[in-house]
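Notes for the structure review
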Amino acid sequence: MMSSVSSPSTHTAGTQEMLLREMWLGILSQLATSIPRSQFITWFKDTAILGLEDGTLVVGLPLPMSLNWHLEHYRALTLQAAQKQNATVEQVVYKVDGGLKDDPMRTFDLLKAFPEEKRRKVAGRQEVRLAEGIVSKILNSRYTMENFVVGSGNRLAYAACQAVAMQPGGKYNPLFIYGGVGLGKTHLLQATGNAILKQMPKSTIVYTTTEDFTNQVIEAIQQQKMEQFRKRYRLVDVLIIDDVQFLANKERTQEEFFHTFNALYEDHKQIIVAADRQPHELQLEDRLTSRFERGMIADVSTPDYETRLAIIVEKAKEYQIFMDMTVLQFIAEHATKNIRELEGILMQAVAQYELEQRVPTVKSIAEIMRKLNKDPHEEEDHVGFEIPPKRSSTFQDVLEAVSRYYSVSVQDMIGQSRVREILIPRQIAMYLCKKYLRISYVRSGELFSGRDHTTVMNAVEKIESKLQNDPQLLREVRSLEKELDFV
Ligand code: ADP
Ligand code: MG
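This structure is a prediction, so every number in the text was calculated from the model and none was measured.

Okay, the packing of helix α15 (residues 395–406) against helix α20 (residues 471–483) next. Two elements in contact, α15 and α20, have axes separated by 10 Å at closest approach and are oriented at 135 degrees. The angle between α15 and α20 falls in the class oblique. Between α15 and α20 the crossing geometry is right-handed. Between α15 and α20, the residues in contact are Ala401, Val402, Arg404, Tyr405 and Tyr406 and Glu476, Ser479, Leu480 and Glu483, respectively. For the contact of α15 with α20, the residue count by class is five nonpolar, one polar and three charged.

Below is the structure:
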């Protein structure tokens, strides 16, 4: 006889589920401390433990495309964290479970469960009071000598900064770095400051922009505290001023800077400045120009292809966004003007991933570049990517997109394997070919290694009917359609 009362076994199952859920929260809490927050939220959203048996912890992921990323980047960390929760865990395996996406009972709302501790302030806006009246921007720890990629365009500037970092106030004083927008001047300046601070934690390092320096001078004049202003600056060990091209036409600030410069220089204190052009092109007072020319001058220029590729690889690592090598190469090939532009593309790709769950592909990147190119609000005059014109998707494109999306090889997809992991992607590819490329069943059968046309027909019909009642599959197919420009 059937009974409506829950049996002891379902009860146990429920308890087990609760325990696993609790265990996952424990693991997540640990991971949250070792993974940058945005990446943590992105990659661990809608995840759960699906099971734990014989030392194997099965972690459920909502989307097939995050599988590789977890395998490569988070498996070891997850295992470590799991073992702290439960010492019997020996390995972590992953399983894609589309249902997790709409199942708040099994997953956690990470934004709520792990609220941001303090609001991050806008980078570069934070200030620190080093001593009475001496204000510096906080050096951004993101800028280091280690993550600066050296290439032909910046080798000299980098070497000079390294030398200065090893021996501030030594041979290369002042150090003058110049070059166009987005080529790494600010990065180098701050990285040098960070490096000095690491070696000499007690040193007083002021990093400021010309704009801030000017404002301080103006304030001191207004409050008739010029004497104090001068005295204070003489206490500084390293003075770093960014964008000194803005000193042009500011006579009073130039004068103050000149005096500060001299005092520091005579005390063998290090001065580092950056500008968008060489000293003699800055239209400054002659005496200031000649002070700059007395030191070391190094330029940063547009990076070559190899350097651009190395930088984009580095940045992708920093942002922890997974990109295919072909995609990275595509960006390096087409974003030729400066590095900021290159980073901009990456940020957009990250946003696209977070918002739409779209893994960056050559196509989506080209789309981003096209948008950036057209943007009338772009600060810098013209971004200037050269992007190949749009073309319609082909059979090969469908295979590649599906293969990337489900992390299966094109070979397997057109091959004979009958395992489920391959079967569905293959059927989806057949469906897309039929629906959007209008490839006939017979031709499609030929393209998929000489299959019979009825096989293709069945596959297409199967997907069509599944789409009616499988929202997860529908989402996946939609995202592929978008990717392939079919919709
Ligand atoms: P600039 O001050 O010359 O306008 P930035 O220093 O602000 O340029 O650089 C723009 C962005 O490009 C920064 O995020 C910086 O980290 C990055 N960048 C520039 N050059 C390099 C490099 N050689 N290696 C790594 N990142 C770089
Ligand atoms: Mg700058």
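So much for the structure itself; the text now carries on.
This paragraph deals with empty space enclosed by the protein. Going through the model one piece at a time under the given rule, you end up with three cavities of 30 Å³ or more. Put simply, the largest cavity is a space of about 120 Å³. Looking at the largest cavity, it is lined by 10 residues, and the ones nearest its centre are Val359, Thr361, Ala401, Tyr405 and Glu483. The set of elements that each furnish at least two residues to the lining of the largest cavity consists of α15 and α20. The greatest single-element share of the lining of the largest cavity, amounting to three residues, is contributed by α15. Residue composition of the lining of the largest cavity, by class: four nonpolar, three polar and three charged. Counting the residues that make up the lining of the largest cavity, at least three belong to each of domain 3 (305–382) and domain 4 (395–483).

The description of an aromatic ring pair rests on the distance of the ring centres and on the angle between the ring planes. A complete count under the given rule lists 19 aromatic pairs for this structure. When the centroid spacing of 5.2 Å and the interplanar angle of 85 degrees are considered together, the rings of phenylalanine 40 and phenylalanine 114 count as edge-to-face. Residue phenylalanine 40 is located in helix α2 (residues 37–44), and its partner phenylalanine 114 is located in the loop between α4 (110–113) and β4 (127–131); the two are separated by 74 residues in the primary sequence. On the basis of relative accessibility, which here comes to 2%, the residue phenylalanine 40 falls in the buried class. With centroids separated by 5.1 Å and ring planes inclined at 50 degrees, the aromatic side chains of phenylalanine 44 and tyrosine 74 adopt a geometry described as tilted. Taken together, the residues phenylalanine 44 in helix α2 and tyrosine 74 in helix α3 (residues 67–85) connect sequence positions 30 residues apart. Of the residues examined, phenylalanine 44 reaches a relative accessible area of 1% and is grouped as buried. Under the relative-accessibility criterion, tyrosine 74 is labelled buried at 2%. Grouped by ring-pair contacts, the aromatic residues Phe176, Tyr178, Phe213, Phe229, Tyr233, Phe257, Phe261, Tyr265 and Phe292 constitute a single cluster. Sitting over the face of the ring of tyrosine 441, lysine 434 holds its NZ or CZ atom 4.7 Å from the ring centroid.

The strand order across the open sheet formed by three strands is β1-β2-β3, and the pairing between neighbours is mixed. Whereas interior strands pair on both sides, the edge strands pair on one side only; in this sheet they are β1 (48–53) and β3 (91–96). Strand-to-strand twist of the sheet, defined as the mean angle between neighbouring strand axes without regard to direction, takes the value 25 degrees. As defined by bridge partners, β1 adjoins strand β2 (residues 56–61) across five bridges and the pair is classed as antiparallel. Counterpart to glutamate 53 in the pairing with β2 is threonine 56.

Let us now look at the environment of arginine 287. Among the secondary structure elements, arginine 287 is positioned in helix α10 (residues 286–293). Residue arginine 287 is classed as partly exposed on the basis of its relative accessible area, which comes to 35%. Residues arginine 287 and glutamate 255, 32 residues apart in the sequence, show an inter-C-alpha distance of 9.7 Å. Leave out the neighbours within four places in its chain, and arginine 287 touches Glu255 and Phe258. A distance of 2.6 Å separates a polar atom in the side chain of arginine 287 from a polar atom in the side chain of glutamate 285.

Let's shift gears to the site of ligand 1. Neighbouring ligand 1 are 19 residues, the closest being Gly182, Thr186, His187, Arg340 and Glu343. The contact in question runs from an oxygen atom of ligand 1 to an N or O atom on the backbone of leucine 183, over 3.2 Å. Here an oxygen atom of ligand 1 and a side-chain polar atom of glutamate 343 are 2.4 Å apart. Alone, ligand 1 offers 550 Å² of accessible surface; in the complex the protein occludes 96% of this. Breaking the shell around ligand 1 down by element, the ones donating at least two residues are α6 (185–199), α11 (305–318) and α13 (339–356). Residue composition of the shell around ligand 1, grouped by class: seven nonpolar, seven polar and five charged. Inspection of the shell around ligand 1 shows a minimum of three residues originating in each of domain 2 (127–300) and domain 3 (305–382).

Another aspect to go through is the side chain of arginine 291. Mapping arginine 291 onto the fold places it in helix α10. An unpaired buried charge is present at arginine 291: no salt bridge exists, and glutamate 266, the closest side chain of opposite charge, is 6.1 Å distant. Leaving out residues up to four positions away in the same chain, arginine 291 has contacts with Pro174, Phe258, Phe261 and Asn262.

Attention shifts here to the pattern of salt bridges. Enumeration over the complete set of coordinates arrives at 17 salt bridges. The shortest N-O distance in the salt bridge between aspartate 109 and lysine 112 comes to 3.8 Å. A relative accessible area of 67% means that lysine 112 is categorised as exposed. One network of salt bridges, with partners in common, ties together Arg142, Lys315, Glu318 and Glu343.

So, about the pairing of β3. Pairing of β2 with β3 involves six bridges; the strand directions are parallel. What sits directly across from valine 58, in β3, is valine 93. Taken together, β2, α3 and β3 constitute a β-α-β crossover, and its handedness is right-handed.

Okay, the layout of surface pockets next. Counted as a void, the second largest pocket has a volume near 710 Å³. Lining the second largest pocket are 22 residues, and of these Pro64, Val96, Tyr406, Arg420 and Glu421 sit closest to its centre. Broken down by secondary-structure element, the contributors of at least two residues to the lining of the second largest pocket are α3, β3, α17 (420–437) and α20. Residue contributions to the lining of the second largest pocket peak at five residues, all from α17. Residue classes in the lining of the second largest pocket are distributed as 12 nonpolar, three polar and seven charged. Formed jointly, the lining of the second largest pocket draws a minimum of three residues from each of two domains, domain 1 (10–113) and domain 4 (395–483).

Reading the values: the criteria
Residues numbered from 1 in each chain as written. Chains lettered and ligands numbered in written order. Predicted model: local features only at pLDDT ≥ 70, side-chain atom pairs only at ≥ 80, totals over all residues. Heavy atoms only, no water. Axes fitted to C-alpha atoms, helices over the stretch in contact; angles between N-to-C directions. Helix = DSSP H or I, 4+ residues; strand = E, 2+ residues; numbered from the N terminus. Parallel < 35°, antiparallel > 145°, perpendicular 65-115°, else oblique. Left-handed = near helix turned anticlockwise from the far one by under 90°. Contact = heavy atoms within 4.5 Å. Nonpolar A, V, L, I, M, F, W, Y, C, P; charged D, E, K, R; others polar. 1 Å grid on protein atoms, 1.4 Å probe; cavity = no way out; pocket = protein on both sides within 12 Å on 5 of 7 lines; lining within 4 Å. Points joined across faces, edges and corners; volume = space filled by probe spheres on them. Domains from an automatic or database assignment. Phe/Tyr/Trp six-rings, centres within 6.5 Å; stacked < 30°, edge-to-face > 60°. Buried < 20%, exposed > 50% of the residue type's maximum accessible area, 1.4 Å probe, protein only. Lys NZ or Arg CZ within 6 Å of the ring centre and 35° of its normal. Pairing = 2+ DSSP bridges. Polar contact = N/O pair within 3.5 Å; in protein donor to acceptor, adjacent residues only side chain to side chain. Near = heavy atom within 4 Å. Areas by Shrake-Rupley, 256 points an atom, 1.4 Å probe, with all protein chains shown as cover. Lys, Arg positive; Asp, Glu negative; His and termini not counted. Salt bridge = Lys/Arg side-chain N within 4 Å of Asp/Glu carboxyl O. Right-handed = clockwise from strand over helix to strand, strands pointing away.

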